[in-house]
Amino acid sequence: MNKLSADQLSFFDREGYLMVPDVFCFEDLVPLREEIEAIIDIEAQRLHVSGKLNDTHAGASFEHRIGLIYNEKPEAAAKIIQAITGRAGGGHSGEGLFSLITHPGLLTVIESILGPEIVGSSVYRIRPKVPGMPSGVVPWHQDSGYFHKHCDHEMILTCWFPLVDATEENGCLQVFPRTHQAEIFRHHTGGPGGYLVITEDDMPEGEAVTVPVPLGGILLMTNRTPHCSTENLTDVVRWSVDLRYQSADIPNNVGELPEQFDPDKSPYEIACYPPEADFVVRNPKDPSSEVKNWEAFNEIRQAYEAIRPLGPSRWEAVGS
Ligand SMILES: O=C(O)CCC(=O)C(=O)O
């Protein structure tokens, strides 16, 4: 994979987003798909044995299985999804995911925007948008709404990619272009699905753009690009991953254990999102600082899964 071209970079700077096709080949995505399938299988069997699920839909494809389970028993599907996403969304730290986070072609694209010293930013998510499941629909927000205010003017690059083709029909993302140079819009807690939301009154004027992403492609966005995702109107589960990267000089918790978190430090020394672990993925100046293997990545992520430092709390509830 090449670096982004001058045209791609100027599109990203102007619009606040960029879709890049063919970053991954299908084989790159297979290990993560298989990891997810294995968790679904174990959890479905467990629920079946305890009488909480009649049919494990063992023969169904990756694209359909959790949707079929949801149709039969929504609570069983929710339990299985939690086994994949963990306590708060970023709990999976398998080798297949690590190989995508550190994929050399992807990091070359990321480097075009952030420079050569790249930190894997703490918030990543694996999302199944199951047809009919309300929590799959994510309302308008800027990712910075979730981060500490002192990081509002830093660049935390979101890299969103699907594990199946993401189309308008199955609920790909919509972005609000050319608004990422503005301040953070007001958000509220308790939006649809329990997410943060920019309510209609606080949304900027203009037109949203729907961004389908074919399998293998990625959607890049800034942390100040408003975006949302719409309902899945198909019978295919729109599995996706959103990763984030930042340059090494932005506040982070690299090298800090969760029990060492000190909320009284000067704000600029506190990571943009303290509850989960940041980790170095590329640093040509100091290669020894990179998280080189999956075991080290897994260890640091699971330490934060066990003990989650306090996160930002900067918005009021909807209706308050
Ligand atoms: O995948 C989705 O539906 C929403 C993703 C999103 O909002 C994000 O990556 O910040």
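Let us look at the structure shown here. (Residues numbered from 1 in each chain as written. Predicted model: local features only at pLDDT ≥ 70, side-chain atom pairs only at ≥ 80, totals over all residues. Heavy atoms only, no water.)

Check the secondary structure of the chain and you find 7 helices and 12 strands. Scaling as 2.2 N^0.38, a compact globule of 320 residues should have a C-alpha radius of gyration of about 20 Å, and the chain matches this with 19 Å. When the backbone C-alpha atoms are referred to their principal axes, the chain occupies close to 50 × 45 × 45 Å. Across the 320 residues in the chain, those meeting the buried criterion constitute 53%. When contacts within the chain are restricted to residue pairs at least 6 apart in sequence, long-range pairs at least 24 apart make up 83% of them. Put simply, the chain shows about 13900 Å² of open surface, and 52% of that area lies on carbon and sulfur atoms. (Helix = DSSP H or I, 4+ residues; strand = E, 2+ residues; numbered from the N terminus. Rg over C-alpha atoms; globule rule 2.2 N^0.38 Å. Buried < 20%, exposed > 50% of the residue type's maximum accessible area, 1.4 Å probe, protein only. Contact = heavy atoms within 4.5 Å. Areas by Shrake-Rupley, 256 points an atom, 1.4 Å probe, with all protein chains shown as cover.)

By secondary structure assignment, the location of Val30 is in helix α2 (residues 26-49). C-alpha separation for the pair Val30 and Leu163, spaced 133 residues apart in sequence, amounts to 8.8 Å.

Compared with an ideal rise of 1.5 Å per residue, which puts 24 residues at 34 Å, α2 spans 34 Å between its outermost C-alpha atoms and is within 8% of the ideal. The set of residues buried in α2 consists of Leu29, Leu32, Arg33, Glu35, Ile36, Ile39, Ile40, Glu43, Ala44 and Leu47. On its buried side, α2 packs onto α3 (65-72), α4 (74-85), α5 (95-101), β3 (125-129), β4 (156-162) and β10 (238-247). (Expected span 1.5 Å × (residues − 1).)

Lining the immediate surroundings of the ligand are Arg127, Val138, His141, Asp143, Trp160, Leu173, His227, Ser229, Arg238, Ser240, Asp242 and Arg244. A distance of 3.4 Å separates an oxygen atom of the ligand from a polar side-chain atom of Asp242. At 3.1 Å from an oxygen atom of the ligand is found a side-chain nitrogen or oxygen belonging to Arg244. Mapped onto the shell around the ligand, the elements with two or more residues apiece are β9 (227-229) and β10. Looking at which element gives the most residues to the shell around the ligand, the answer is β10, with 4 residues. Considered class by class, the residues forming the shell around the ligand number 3 nonpolar, 4 polar and 5 charged. (Near = heavy atom within 4 Å. Polar contact = N/O pair within 3.5 Å; in protein donor to acceptor, adjacent residues only side chain to side chain. Nonpolar A, V, L, I, M, F, W, Y, C, P; charged D, E, K, R; others polar.)

One can describe the packing of α2 onto α3 by two numbers: an axis separation of 11 Å at closest approach and a directional angle of 25°. As the angle between them shows, α2 and α3 are arranged roughly parallel. In terms of crossing hand, the pair formed by α2 and α3 is left-handed. Residues Ile40, Asp41 and Ala44 of α2 pack against Arg65, Ile66 and Ile69 of α3. Residues of the contact of α2 with α3, tallied by class, amount to 4 nonpolar, no polar and 2 charged. (Axes fitted to C-alpha atoms, helices over the stretch in contact; angles between N-to-C directions. Parallel < 35°, antiparallel > 145°, perpendicular 65-115°, else oblique. Left-handed = near helix turned anticlockwise from the far one by under 90°.)

This next bit is on the state of the cysteines. All chains considered together, the criterion is met by 1 disulfide. One disulfide bridge connects Cys151 with Cys272, the sulfur atoms lying 2.1 Å from each other. Disulfide Cys151 to Cys272: torsion about the S-S bond roughly -85°, handedness left-handed. Of the two residues, Cys151 sits in the loop between β3 and β4 while Cys272 sits in the loop between β10 and β11 (279-282), which places them 121 residues apart along the sequence. Exposure class is identical for Cys151 and Cys272. Each is buried. Cys172 carries a free sulfur, and the closest cysteine sulfur to it, the one in Cys228, is 9.4 Å from it. The class of Cys172 is buried, set by a relative accessible area of 0%. (Disulfide = S-S within 2.5 Å.)

This brings us to unusual backbone geometry. Phi is positive for His57, which is not a glycine, with a value near 50°. Note that His57 resides in the loop between α2 and α3. Among the residues examined, His57 registers a relative accessible area of 18% and is labelled buried.

Attention now goes to the sheet that holds strand β5 (residues 173-175). Strand order in the open sheet formed by 3 strands is β7-β5-β9, and the pairing between neighbours is antiparallel. If you trace the sheet from one side to the other, it starts and ends with β7 (209-211) and β9, each paired once. The mean angle between the axes of side-by-side strands here comes to 30°, regardless of whether they run parallel or antiparallel. (Pairing = 2+ DSSP bridges.)

What follows deals with the pairing of β10. Counting buried residues along β10, 10 of its 10 residues qualify, which places the element largely inside the surrounding structure. Here β10 shows a buried face lined by Arg238, Ser240, Asp242, Arg244 and Gln246 and a second buried face lined by Trp239, Val241, Leu243, Tyr245 and Ser247. When strand β2 (residues 118-120) meets β10, the two strands line up antiparallel, connected through 3 bridges. Residue pairing across strands places Gly120 opposite Tyr245, the latter belonging to β10. As paired strands, β3 and β10 are joined by 5 bridges and run antiparallel to one another. Bridge pairing in β10 links Arg127 to Ser240. Of the pairings in the sheet, the one linking β4 to β10 comprises 7 bridges and is antiparallel in character. Each residue of the ladder has a partner; that of Pro162, found in β10, is Ser240.

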